[in-house]
Amino acid sequence: MCVFCKIIQGEIPSYKVYEDDKVLAILDISQATIGHTLVMPKTHHETIFDLDDETISHLYKVVRKISSSYQEKLNGMVGLNLLNNNKEKAGQTVPHYHVHIIPRYDDDNLKDIEFTNNSKDVDFNELIKTIKING
Ligand code: 5GP
Ligand code: ZN
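Just so it is clear, the model here is predicted, and its values are computed rather than measured.

A. Structural context of the overall build of the protein. In terms of regular secondary structure, the protein is built from three helices and five strands. Expressed as lengths along the three principal axes of its C-alpha atoms, the size of the protein is roughly 50 × 35 × 30 Å. Counting across all 135 residues of the protein, residues that qualify as buried make up 34%. Counting only contacts in the protein whose residues sit at least 6 apart along the sequence, the fraction spanning at least 24 positions is 55%. A total of about 9600 Å² of accessible surface is found on the protein, and carbon and sulfur atoms cover 52% of it.

Next up, the structure:
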C-alpha cells in the first residue's frame, strides 16, 4: 500500500485539514511555507492520466474551497501556488495523485519556479496541428 493510502486508512497519522467521503487534505510533512497542504483522492490513482472526470472535478472543488478558506484564515498570505507533479521526471515522489496548495507570504524565502523560454526549439504551427483538440 502506498504511503498516502496508509494515511487515508489511518495507519500513519496526519494533520487533516479537510475530509469527506472522497477526498482528504493534510498538511505536508515538509512545510515549504506555512500551511503547505496536499489534497488527494481517497482512491489510489497514480497520476492525472489515471483519474476519471468525476474524481478530479470533485477534488478541484475541494482545492478551491481550501484555497479560499486559507485566504481568509492564513495571516499574511498574499498569494498561492497550486502544483501537481506527474511521474518521476516531473518530480513526483509519492505515486498517489495529489495537488500541493502552497500559500505564499512576502518573506517566505521560497524560490519561484522559473520558466526558461525554449520557444526556439518549437515549431508552433506543427505543434498545434498535432495537439489541437476540438471542444
Ligand atoms: P511529490 O513530490 O510527489 O509531488 O510530493 C510528495 C509530498 O508528500 C512531499 O512534499 C512530501 O513532503 C510529502 N510526504 C511524503 N511522505 C509524507 C507523509 O508521510 N506525511 C505527510 N503529511 N506528507 C508526506
Ligand atoms: Zn495510494
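B. Structural view of the nonpolar core. Grouped together as the largest cluster of nonpolar side chains are 15 residues, with contacts concentrated most on Val39, Leu59, Val63, Ile66, Tyr97 and Ile101. When residues of this core are traced back to their parent elements, those giving at least two are β2 (23–27), α2 (53–73) and β5 (99–105). The element that contributes the greatest number of residues to this core is α2, accounting for six residues. Residues contacting Ile66, with those up to four places away along its chain left out, are Val17, Tyr18, Ala25, Val39 and Ile101. Judged by nonpolar contacts, the second largest core, of 10 residues, contains Cys2, Ile7, Ile26 and Val94.

C. Seen up close, the pattern of salt bridges. Counted according to the given criterion, the structure contains eight salt bridges. Glu19 is the partner of Lys16 in a salt bridge, and the nearest nitrogen-oxygen pair spans 3.6 Å. Taking the relative accessible area as the measure of exposure, Lys16 reaches 46% and is therefore partly exposed. Using a relative accessible area of 40% as the deciding quantity, one classes Glu19 as partly exposed. A salt bridge links Glu126 to Lys129; its shortest N-O distance comes to 3.1 Å. You can see Glu126 and its partner Lys129 sitting in helix α3 (residues 124–131), three residues apart, about one turn around the helix. Put simply, Lys16, Glu19 and Lys42 are held in one network by salt bridges that share partners.

D. Up close: the coordination of the zinc ion (ligand 2). The protein atoms that coordinate the zinc ion (ligand 2) are Cys2 (SG), Cys5 (SG), His44 (ND1) and His96 (ND1), at distances of 2.0 to 2.3 Å. Angles of 104 to 118° at the metal separate the four donor atoms of the zinc ion (ligand 2), which places the site in the tetrahedral class. We note that the donor set of the zinc ion (ligand 2) lies within a single chain, spaced as C-x2-C-x38-H-x51-H. Within this pair, whereas Cys5 is found in helix α1 (residues 3–9), its partner His44 is found in the loop between β3 (37–41) and α2, the two being separated by 39 residues in sequence.

E. View of a nonpolar patch on the surface. A surface patch of nonpolar side chains, amounting to about 460 Å² of accessible area, comprises Val122, Phe124, Leu127, Ile128 and Ile131. Mapped onto the elements, Phe124 comes out in helix α3. Since its relative accessible area comes to 55%, Phe124 is described here as exposed.

F. Spatial organisation of the pairing of strand β1 (residues 16–19). Sheet analysis places β1 next to β2, joined by three bridges and oriented antiparallel. Its bridge partner being in β2, Lys16 is matched across the sheet by Ile26. In this structure, the hairpin formed by β1 and β2 is closed by a connection of three residues.

Analysis parameters
Residues numbered from 1 in each chain as written. Chains lettered and ligands numbered in written order. Predicted model: local features only at pLDDT ≥ 70, side-chain atom pairs only at ≥ 80, totals over all residues. Heavy atoms only, no water. Helix = DSSP H or I, 4+ residues; strand = E, 2+ residues; numbered from the N terminus. Buried < 20%, exposed > 50% of the residue type's maximum accessible area, 1.4 Å probe, protein only. Contact = heavy atoms within 4.5 Å. Areas by Shrake-Rupley, 256 points an atom, 1.4 Å probe, with all protein chains shown as cover. Core = buried A, V, L, I, M, F, W, Y, C linked by side-chain atoms within 4.5 Å. Salt bridge = Lys/Arg side-chain N within 4 Å of Asp/Glu carboxyl O. Donors = N, O, S within 2.8 Å, 3.2 Å for Na, K, Ca; no water. Tetrahedral: all angles 85-135°; square planar, octahedral: opposite > 155°, others 65-115°. Patch = residues over 30% accessible without salt bridge, like charges linked within 9 Å, V, L, I, M, F, W, Y side chains within 5 Å. Pairing = 2+ DSSP bridges.

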